Amino acid sequence: MRIVIRIVTLITTAFFGILHSGLQAQNDLFVCLQSGISMPLGQFAGTTLNEDSFARPGISYGGEATWFFLPNFGVGIEANINNNPIDLTTLTQKKMKAEPSLENLTIRSESFQTTTIMGGVYGRYPILEGLTVTGKLLAGYMRSNTPYQVYRAQFYFVGPLTYEITSSQDDGFIVIPGLGMSYMFKRGLGCKLDGEYISRQMSFPFRTPTGVRIDERKVRFIQVLIGFVVEF
């Protein structure tokens, strides 16, 4: 919860600093705390050894601030952290099938983490009193961290062997489209439902006894966020 508060505080401070002069003449500023689920797609959810990431549906959380300086058009910034657990059952089965000398294998793994910090343009269109359809196109920074993992392997005629795979990370520029709906109650409080599409090819370096190995992985998922909105 503390990291969410820090993210929202950073977003709000930057937003007021950039748009201070305009905010004095407008009242359509919205700040939102949000959380939801992320559904991995394609190679990110795939279960092919040495090609896919074995990611499962996970949890996203973060914050957003938007300012509509025109009735249906505005700008904003958003930051989210996404955690996808690893399908350890399938990963273990695939590892044992690929290595016939394995008698038993246990894997402990952290989640695959993705962080995004973005800004961009927003649009909205009211359809009923208080109910609005929203759209956005954001661009910014994305960082992905592979999970830290510990393996305990038992081979035929060989004692147990424990080893680890350390986390690796990559970052870069990303463009994210989004679509959703929001409903504002009285006294400037409301809720919203947003869907966003995230996709980027990442390169993760790993140190091995023979040098540095680069694993190319496409991190791709749809995240659905439910948010609590406050209008200032």
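In short, a report on the structure. Since the model is a prediction, treat every value here as computed from it, not as a measurement.

Now for the nonpolar core. The biggest cluster of nonpolar side chains holds 28 residues, and the ones touching the most others in it are Phe44, Leu91, Leu105, Phe112, Ile198, Phe204 and Val219. Looking at this core, the element that brings in the most residues is strand β10 (residues 189-208), giving four residues. Not counting chain neighbours up to four residues away, the residues in contact with isoleucine 198 comprise Met142, Ile174, Ile176, Val219, Arg220, Phe221 and Gln223.

Here we come to the packing of aromatic side chains. Aromatic rings considered in pairs are described by the distance between their centres and by the relative angle of their planes. Overall, the coordinates contain eight aromatic pairs when judged by the stated rule. Between phenylalanine 112 and phenylalanine 204, the aromatic rings sit 5.9 Å apart at their centres with planes inclined by 85°, giving edge-to-face as the arrangement. Highlighted residues: phenylalanine 112 in strand β5 (residues 112-128) and phenylalanine 204 in strand β10, separated in sequence by 92 residues. Each member of the pair, phenylalanine 112 as well as phenylalanine 204, carries the same accessibility label: buried. Through a chain of ring-to-ring contacts, three or more aromatic side chains come together here, namely Phe44, Phe112, Phe204 and Phe221. One cation-aromatic arrangement involves arginine 124 over phenylalanine 68; the distance from NZ or CZ to the ring centre is 4.0 Å.

To continue, consider the environment of proline 85. Assignment of secondary structure puts proline 85 in the loop between β3 (73-84) and α4 (88-98). Residues proline 85 and glutamine 113 lie 28 residues apart in sequence; the distance between their C-alpha atoms is 8.7 Å. Not counting chain neighbours up to four residues away, the residues in contact with proline 85 comprise Phe54, Ala55, Arg56, Pro57, Gly58 and Ser111.

Per the stated rule, a full pass over the model turns up nine salt bridges. A salt bridge links lysine 192 to glutamate 64; the shortest N-O distance between them is 2.2 Å. Taken together, the residues span a long stretch of sequence, with lysine 192 in strand β10 and glutamate 64 in strand β2 (residues 58-70) at a distance of 128 residues. The class of glutamate 64 is buried, set by a relative accessible area of 6%. Ionic pairing is found between lysine 136 and glutamate 78, a salt bridge with its closest N-O pair at 3.4 Å. With lysine 136 in strand β6 (residues 131-145) and glutamate 78 in strand β3, the pair connects residues that are 58 residues apart, well separated along the chain. An identical accessibility class is assigned to lysine 136 and glutamate 78; each is buried.

Reading the values: the criteria
Residues numbered from 1 in each chain as written. Predicted model: local features only at pLDDT ≥ 70, side-chain atom pairs only at ≥ 80, totals over all residues. Heavy atoms only, no water. Core = buried A, V, L, I, M, F, W, Y, C linked by side-chain atoms within 4.5 Å. Buried < 20%, exposed > 50% of the residue type's maximum accessible area, 1.4 Å probe, protein only. Helix = DSSP H or I, 4+ residues; strand = E, 2+ residues; numbered from the N terminus. Contact = heavy atoms within 4.5 Å. Phe/Tyr/Trp six-rings, centres within 6.5 Å; stacked < 30°, edge-to-face > 60°. Lys NZ or Arg CZ within 6 Å of the ring centre and 35° of its normal. Salt bridge = Lys/Arg side-chain N within 4 Å of Asp/Glu carboxyl O.

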